[in-house]
Amino acid sequence: MYNGEDLFKKAADLIYVSKKTIVLTGAGISTESGIPDFRSPETGLWENMDPMEALSAKVLFNEPKKFYKNGFKILTSMINVEPNNAHYILAKMESMGIISSIITQNIDNLHKKAGSKKVFEVHGNIRTATCVNCGKKISFDKMDEKVNEGQIPPRCDFCKGIIRPDVVMFGDPMPYEFEIAIEELRTCDLLLIVGSSLLVSPVNYMPDLVDRIIIINKTPTPFDEKAEVIIRDKASVALEKIFFYLNRQ
Ligand code: NAD
């Protein structure tokens, strides 16, 4: 696929003239930090297991032993990971007023670690966990500690209810944050999509809500036809080049 300099410049021009740009990120932005995505051939998690089962609400509540043996390990593997340049450039773009916010499907906390402030984590996060009985929140680390001590499922210190990660599992309803993100999207004129196959519902409705879209993704997506610019490059490389051209405006 052609990835000439003019594509990066065109993306920068679109961002420059846009009144409000929102960024939508997926697992692909974090592969360069070492977290596998779901669908990349050979390296994607889907190659070894079915994440829709391992990370399902059904398994979490009905087969806790299985959940803490498989799905939970996917979550804990993301704890000590650091952001990469793509996350840092987006944080810089926000602080310079170039982008308005980030909507992310990722749960890995890397946008916030990189310094981004306005982040809609529509699939939750691995910072906290909640008791499903009394609603008390604890840190994800504390929950992990309980699991390592053999508490499966982990229980609330106050009411003994089951504690679950604040991650949206397959089969869970979408959180309130998703509704706010949708409202934000209705007020923007450009959506910059980074590292998402755009196959996971309901996030895959989001590109339809915005007039103009740019896609940075290594492989084709169902929205390629709508995109004004498609860049098939690594997220960090593409964002670095776009940022370079933005700084020359
Ligand atoms: P996906 O796996 O379906 O798609 C990722 C896309 O990113 C692929 O199309 C791939 O070609 C592209 N990609 C991979 N590395 C890239 C790179 N360096 N630069 C540019 N593109 C790259 O991921 P999705 O669309 O986010 O949907 C999967 C679901 O999985 C989401 O709901 C998300 O919550 C969850 N998930 C999250 C993480 C995480 O938090 N890091 C990791 C795995 C899965």
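Scroll up to find the structure this text is about.
In what follows, the accompanying structure is described.

Conventions we followed
- Residues numbered from 1 in each chain as written.
- Predicted model: local features only at pLDDT ≥ 70, side-chain atom pairs only at ≥ 80, totals over all residues.
- Heavy atoms only, no water.
- Helix = DSSP H or I, 4+ residues; strand = E, 2+ residues; numbered from the N terminus.
- Buried < 20%, exposed > 50% of the residue type's maximum accessible area, 1.4 Å probe, protein only.
- Contact = heavy atoms within 4.5 Å.
- Lys, Arg positive; Asp, Glu negative; His and termini not counted.
- Charge placed at Lys NZ, Arg CZ, Asp CG, Glu CD.

## A few points about the overall build of the chain
The helix and strand tally for the chain stands at ten helices and nine strands. With the C-alpha coordinates of the chain rotated into their principal frame, the extents come out at 55 × 35 × 30 Å. Burial statistics for the chain: of 249 residues in total, 54% are counted as buried. Summarising the internal contacts of the chain: among those between residues at least 6 apart in sequence, 62% fall at separations of at least 24. Computed over 31 positive and 33 negative side-chain charges, the inter-centroid distance for the chain is 4 Å.

## Digging into unusual backbone geometry
Residues apart from glycine generally show negative phi values, whereas peptide bonds are mostly found in trans. In this model, Ile152 is joined to Pro153 through a cis peptide bond whose omega is -5°. Here Pro153 is to be found in the loop between helix 8 (140–148) and strand 6 (163–167). For the bond from Ser201 to Pro202, the omega torsion is 0°, close enough to zero to count as cis. Even without a glycine there, the phi angle at Asn109 is positive, about 75°. Its location among the elements puts Asn109 in the loop between strand 2 (101–104) and helix 7 (110–114). Asn109 sits in the buried class, given a relative accessible area of 14%.

Fair warning: the whole summary comes from geometry, so function is off the table for now.
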